[in-house]
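# Observations on the three-dimensional arrangement
The lines below spell out each chain.
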Amino acid sequence: MCLVSERRRTPGNQASLREANRTRILDAVKLHGALTQVELAGATGLSPATVSNIVKELSTSGVLHTAPSTRSGRRAQRVTLAHGLGLVAGVDVSHRHMRVSLADFAATIVADHRVPLARDHRADNELDKATMLIVDMVESLDSSLDELAGIGVVVAAPVDERTGRVARRGIMRGWQDVDIAATMRERLGRPVVVENSANAAALAELRYGAARGKRDVLVLEIGDGVGAGIIADGRLVRGHRGVAGEFGHVPLVPDGPPCRCGRIGCLEAVAGARAVLDGLDGVTGTLTLTDLIVGAMAGNAEYLRAIADAGRTIGRATGALCTLLDPERIVVGGDFARAGELLLGPMRHALESTVLVEADGTPDLVQSQLDGSAAVLGAVGLAVDEAGIPRSTPSA
Amino acid sequence: MTSTQGLAERPVRPSEPVMSLRGITKRFGAVQALSGVDFDINAGEVVALVGDNGAGKSTFVKILSGVYTPDEGTITYDGERVTIPSPAAAQELGISSVFQDLALADNLDVVANLFLGREIGRFALDEEEMERRSWELLGQLSARIPSVRIPIASLSGGQRQTVAIARSLIGDPKVVILDEPTAALGVAQTAEVLNLVERLRERGLGVVLISHNLADVQAVADRVAVLRLGRNNGTFRMKDVTYEQIIAAITGATDNAVTRRASSRGAKEQSDGK
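Residues numbered from 1 in each chain as written. Chains lettered and ligands numbered in written order. Predicted model: local features only at pLDDT ≥ 70, side-chain atom pairs only at ≥ 80, totals over all residues.

### A short note on the overall build of chain A
Note the cut-off: Counting from the N terminus, the helices are DSSP H or I runs at least four residues long and the strands are E runs at least two residues long. Here the globule rule is a power law, 2.2 Å times the number of residues to the power 0.38, and the radius of gyration is based on C-alpha atoms. It is the C-beta atoms, placed from the backbone, that decide contacts: two residues are in contact if theirs lie within 7 Å.
Check the secondary structure of chain A and you find 13 helices and 15 strands. Relative to the 2.2 N^0.38 estimate, which gives 21 Å for 396 residues, the radius of gyration of chain A is 22 Å and therefore close to what a compact globule would have. In terms of overall dimensions, chain A has a C-alpha envelope of 70 × 50 × 45 Å along the principal axes. Sequence-distant contacts, at least 24 apart, represent 62% of the contacts inside chain A between residues at least 6 apart.

### Thoughts on the overall build of chain B
Along chain B, the regular secondary structure elements total 9 helices and 10 strands. By sequence separation, contacts in chain B at least 24 residues apart represent 68% of the contacts at least 6 residues apart.

### Examining the sheet that holds strand 5 (residues 80-82) of chain B
Each strand in a sheet pairs with another by means of backbone hydrogen bonds, the pair being arranged parallel or else antiparallel. Residue and element names in this part refer to chain B. Where we set the bar: The criterion for strand pairing is that DSSP finds at least two bridges linking the strands in question. Note on geometry: axes are C-alpha line fits, over the in-contact stretch for helices, and angles between N-to-C directions span 0 to 180 degrees.
The sheet built from 4 strands is open, its strands ordered 2-1-4-5 with antiparallel pairing. Since the sheet does not close on itself, it has two edges, and those belong to strand 2 (31-41) and strand 5, each with one partner. Mean inter-strand twist for the sheet, computed between neighbouring axes without regard to direction, equals 30°. For strand 1 (residues 19-28) and strand 4 (residues 72-77), the ladder comprises 5 bridges, and the chain directions are antiparallel. Bridge pairing in strand 4 places R22 opposite T74.

### Looking at the sheet that holds strand 7 (residues 175-179) of chain B
Residues and elements named next belong to chain B. Overall, mixed pairing links the 6 strands, which are arranged 6-7-8-3-9-10 in an open sheet. The outermost strands of the open sheet, each flanked by one partner alone, are strand 6 (95-98) and strand 10 (231-237). Averaged over neighbouring strand pairs, the angle between their axes works out to 20° when direction is ignored. Against the sheet, helix 8 (residues 243-251) engages strand 3 (45-51), strand 9 (223-228) and strand 10, with an angle of about 25° to strand 9.

### Focus on the environment of A89 of chain B
All names here are of chain B. Rules: In this scheme the burial state of a residue depends on its C-beta neighbours within 10 Å: 20 or more other such atoms mean buried, 12 or fewer mean exposed, and anything in between means partly exposed; the C-beta positions come from the backbone.
Among the structural elements, A89 can be located in helix 2 (residues 87-93). The class of A89 is partly exposed, set by 15 C-beta atoms lying within 10 Å. Separated by 74 residues in the primary sequence, A89 and V163 have C-alpha atoms spaced 22 Å apart. What A89 contacts, discounting residues up to four positions off in sequence, is G66 and I84.

### Here's the deal with the domain arrangement of chain A
Applied cut-off: Each domain's extent is set by a domain assignment, obtained either automatically or from a database.
Examined at the domain level, chain A breaks down into domain 1 (2-81), domain 2 (87-199) and domain 3 (212-369). Centre-to-centre separation of domain 1 of chain A and domain 3 of chain A, based on C-alpha positions: 40 Å.

### As for helix 5 (residues 157-168) of chain B
Residue and element names in this part refer to chain B. Threshold: Helix span, as expected, comes to 1.5 Å for every residue beyond the first.
Taking 1.5 Å as the rise per residue, helix 5 with 12 residues should run 16 Å; its terminal C-alpha atoms sit 17 Å apart, in good agreement. Every buried residue belonging to helix 5 is among G158, Q159, R160, Q161, T162, V163, A164, I165, A166, R167 and S168, and all of these are buried. Contact partners of the buried residues in helix 5: strand 6, helix 3 (110-114), helix 4 (127-140), strand 7 and helix 6 (187-202).

### With respect to the pairing of strand 9 of chain B
The side chains of a regular strand alternate between the sheet's two faces. Residue and element names in this part refer to chain B. In terms of burial, strand 9 is a largely internal element, 6 of the 6 residues being buried. Burial of the side chains of strand 9 extends over both faces: R223, A225 and L227 are buried on one face and V224, V226 and R228 on the other. Relative to strand 9, strand 3 is paired through 5 bridges, and the arrangement is parallel. By the bridge assignment for strand 9, V47 is matched with R223. Summarising the sheet, strand 9 and strand 10 pair through 5 bridges and their orientation is antiparallel. Its bridge partner being in strand 10, L227 is matched across the sheet by N232. The antiparallel hairpin formed by strand 9 and strand 10 contains 2 residues in its connecting segment, where L229 sits at a positive phi of about 50°.

### Re unusual backbone geometry
Residues and elements named next belong to chain A. Although it is not a glycine, D120 adopts a positive phi angle of roughly 55°. By secondary structure assignment, the location of D120 is in the loop between strand 6 (109-116) and helix 5 (123-140). Located in the positive-phi region is D371, a residue other than glycine, with phi close to 55°. Mapping D371 onto the fold places it in the loop between strand 15 (364-367) and helix 13 (374-387).

### Quick notes on the environment of E80 of chain B
Residue and element names in this part refer to chain B. Of note, E80 is situated in strand 5. Assessed through the 8 C-beta atoms surrounding it within 10 Å, E80 is described here as exposed. For the pair E80 and I24, spaced 56 residues apart in sequence, the C-alpha separation works out to 16 Å.

### So, helix 12 (residues 341-354) of chain A
In an α-helix, one turn spans 3.6 residues; hence positions three or four apart end up facing the same way. All names here are of chain A. Over its 14 residues, helix 12 runs 19 Å from end to end, which matches the ideal 20 Å to within 8%, given 1.5 Å per residue. Every buried residue of helix 12 is listed here: L342, L343, L344, P346, M347, R348, A350 and L351. Buried residues along helix 12 sit against helix 10 (289-297), helix 11 (301-325), strand 14 (329-333) and strand 15.

### Quick word on the nonpolar core
The line we're drawing: Structurally, a nonpolar core is described as a collection of buried Ala, Val, Leu, Ile, Met, Phe, Trp, Tyr and Cys residues joined by way of C-beta atoms within 7 Å.
With 198 residues, the main nonpolar core has V88 of chain A together with V208 and L209 of chain B as its most contacted residues. Element by element, the count of residues in this core is highest for helix 13 of chain A, at 10 residues. Excluding residues that lie within four positions of it along the chain, V208 of chain B makes contacts with I41, V47, L49, L64, V175, I177 and L178 of chain B.

### As for the packing of helix 2 (residues 14-32) of chain A against helix 4 (residues 48-60) of chain A
All names here are of chain A. Condition: If an angle is under 35 degrees, it is roughly parallel; if it is over 145, roughly antiparallel; if it lies from 65 to 115, roughly perpendicular; otherwise it is oblique. Classes in brief: Ala, Val, Leu, Ile, Met, Phe, Trp, Tyr, Cys and Pro nonpolar; Asp, Glu, Lys and Arg charged; the others, Gly included, polar.
The contact between helix 2 and helix 4 brings their axes to 10 Å, and the two run at 80°. Taken as axis vectors, helix 2 and helix 4 run roughly perpendicular relative to one another. Here N21, R22 and I25 of helix 2 lie close against helix 4, whose contacting residues are T50, V51, I54, V55 and L58. Grouping the constituent residues of the contact of helix 2 with helix 4 by class yields 5 nonpolar, 2 polar and 1 charged.

### A word on the packing of helix 11 of chain A against helix 12 of chain A
Worth spelling out the cut-off: Crossings are assigned a handedness: left-handed for a near helix turned anticlockwise from the far helix by less than a right angle, right-handed for a clockwise turn.
Axis separation between helix 11 of chain A and helix 12 of chain A bottoms out at 7 Å; the angle between their running directions is 40°. By crossing handedness, the relation of helix 11 of chain A to helix 12 of chain A is classed as right-handed.

### A look at the confidence of the model for chain A
Residues and elements named next belong to chain A. Just so we agree on the cut-off: pLDDT runs from 0 to 100 and stands for how confident the predictor is about each residue.
Of all residues in chain A, 92% have pLDDT values of 70 or greater, and the mean over the chain is 84. Low pLDDT, under 50, characterises residues 1-8; the predicted model gives this stretch 11 contacts beyond four residues in sequence or across chains. Across residues 390-396 the pLDDT falls below 50, and counting only partners more than four positions away or on other chains, this stretch makes 5 contacts in the model.

### Notes on the environment of F115 of chain B
All names here are of chain B. Structurally, the position occupied by F115 is in the loop between helix 3 and helix 4. Taking the C-alpha atoms as reference points, F115 and G171, 56 residues apart in sequence, are found 10.0 Å from one another. Here F115 is in contact with I120, M130 and I170, once residues within four sequence places are set aside.

### Considerations on the pairing of strand 3 (residues 74-81) of chain A
Residue and element names in this part refer to chain A. Pairing of strand 1 (residues 34-36) with strand 3, which is carried by 3 bridges, proceeds in the antiparallel orientation. Bridge assignment links T36 to a residue of strand 3, and that residue is R78. Here strand 2 (residues 64-71) runs beside strand 3; their pairing, made up of 8 bridges, is antiparallel. Note that in strand 3 the partner of L64 across the bridge is L81.

And the structure:
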């Protein structure tokens with residue numbers, strides 16, 4: 001894999017070599033959760049002495065945590081990521097995947113799991129799974145549930161803030177009428193907060209990502225569905241019922257294709273990733289988004305055109321949103337955004353021709369920098385808010 | 001992770017099925033285990049094979065992997081008629097299987113298991129090369145194996161499954177058969193294995209997944225083929241089938257005169273409409 005060979009390329013000088021080695025060790029610990037130093041040497045390809053030095057350095061500076069343990073009957077140093085103040089969990093439930101992450105209060109992810117889900121998954125099963133994963137992951141970090149300060153659950157459906165339930169029937173069928181927060185609280189006995197995933201992604205972009213320091217931002221999450229998180233004057237706009245930003249269900253094409261929300265011609269039924277894939281591959285139904293993006297990058301004209309068409313459609317609709325909200329920046333995330341400029345370029349063109357400002361005043365359209373983790377980081381951030389940073393520590 | 005990066009050299013998806021079985025029949029004395037089973041495997045697709053106990057899943061998988069030879073029926077692999085007289089022949093063709101018991105050597109380390117019987121090195125073993133390749137392979141599968149130099153006995157169930165699946169990829173197969181890969185695994189390990197199945201599909205392999213766990217099947221499969229009493233009882237695309245419909249096909253709740261008439265009428269209407 002080219003990823004590996006790129007990492008192995010020898011960097012220019014001693015300092016950057018050391019930096020690269022540090023990154024390599026941190027990546028390995030993040031991936032495995034907990035490793036002994038000997039295993040770290042194997043996993044990173046570094047010499048045991050280098051590993052030992054870097055681990056010592058990183059644990060002195062509070063990044064890693066070491067504890068004595070045994071491996072094959074010998075004494076060993078077990079290395080985990082430090083999580084000084086405590087842990088929070090983020091759960092991101094999308095249409096076909098669930099991601100469960102544990103993070104510290106600084107929203108540094110220390111353990112991470114991704115689970116493929118069935119189409120039309122059901123709340124009880126998946127919340128069970130999430131619960132078991134969280135317990136498992138907390139244990140793998142040599143921690144206990146008492147240290148878990150809060151849990152943020154974000155779902156790819158609008159959430160009514162007052163009831164904590166999915167606000168619109170039909171969008172995630174297996175989840176309607178389920179009090180998600182109460183269910184999770186019952187299982188884990190920790191504070192739980194529930195939010196729409198596009199809103200969570202918007203919060204994450206605002207705090208940790210491409211929207212830092214901006215006050216008026218539009219965050220689009222483009223995947224199978226299309227969601228928007230609206231930040232106006234530095235605050236998240238949820239709307240009266242929590243349905244604000246359900247961008248994918250803006251009716252766009254009269255007599256268009258049916259949408260899972262029960263109406264026809266919605267944006268996501270025309271330009272969402274699922275719609276694009278179905279349009280290309282109606283027969284076998286096995287084309288995946290990765291296939292599409294990889295194919296397009298390799299120059300498949302049909303795929304390129306399909307992505308560009310979707311980009312133009314979303315761009316035009318975004319233009320209308322911009323006229324309403326006048327954002328300073330638009331951040332595009334979600335699985336489909338992995339197509340990068342193949343999608344964003346046409347979006348930008350369509351946006352420029354529809355938005356009502358001076359030519360040089362068009363909001364800049366950028367790709368998310370959070371690499372697909374925006375929603376789960378948002379969940380983590382919400383969990384931190386819900387838990388409240390402990391006041392006793394001087395740093396808080 | 002830039003998950004799209006490592007896949008660039010992936011072969012283009014062919015439209016023909018990579019493996020196609022027609023009219024497979026197998027008898028054990030008086031027991032008719034399989035009668036006239038049809039089955040297709042496409043590249044870059046996960047096909048789940050489900051059925052009740054005794055439906056013929058294991059027999060069918062053993063035919064796919066060359067343990068049994070069918071009494072009747074044809075097997076087309078890569079566009080050519082083939083016979084699979086032995087497991088070695090299946091390996092040779094590019095059909096690789098991971099059975100439920102995994103067949104790993106508990107006392108050997110990960111590298112030794114991966115290359116068991118296919119060691120690199122002419123006279124002495126080239127341990128360095130094998131270790132390098134092991135990491136490369138496990139890296140491609142984003143596997144969470146802490147070390148390749150620990151004996152299999154000290155790995156978790158999910159990690160053993162990962163090693164077994166990685167080993168099945170050594171000969172560069174086109175079809176991988178996974179028999180109950182998530183049985184007896186915890187939730188985190190199940191997630192690992194399911195992610196692994198997705199990665200196999202992204203590599204352009206045809207994956208046959210035999211599982212009793214319908215939640216897992218629904219999570220990763222593109223198609224599901226149902227066997228009942230040794231016969232095909234429907235092949236569904238995952239996108240347009242519900243849990244209840246699959247259960248009905250497995251248990252035979254669909255298999256009566258009324259539903260058969262309804263389904264044949266439905267199929268006719270569908271073919272007229274298209």
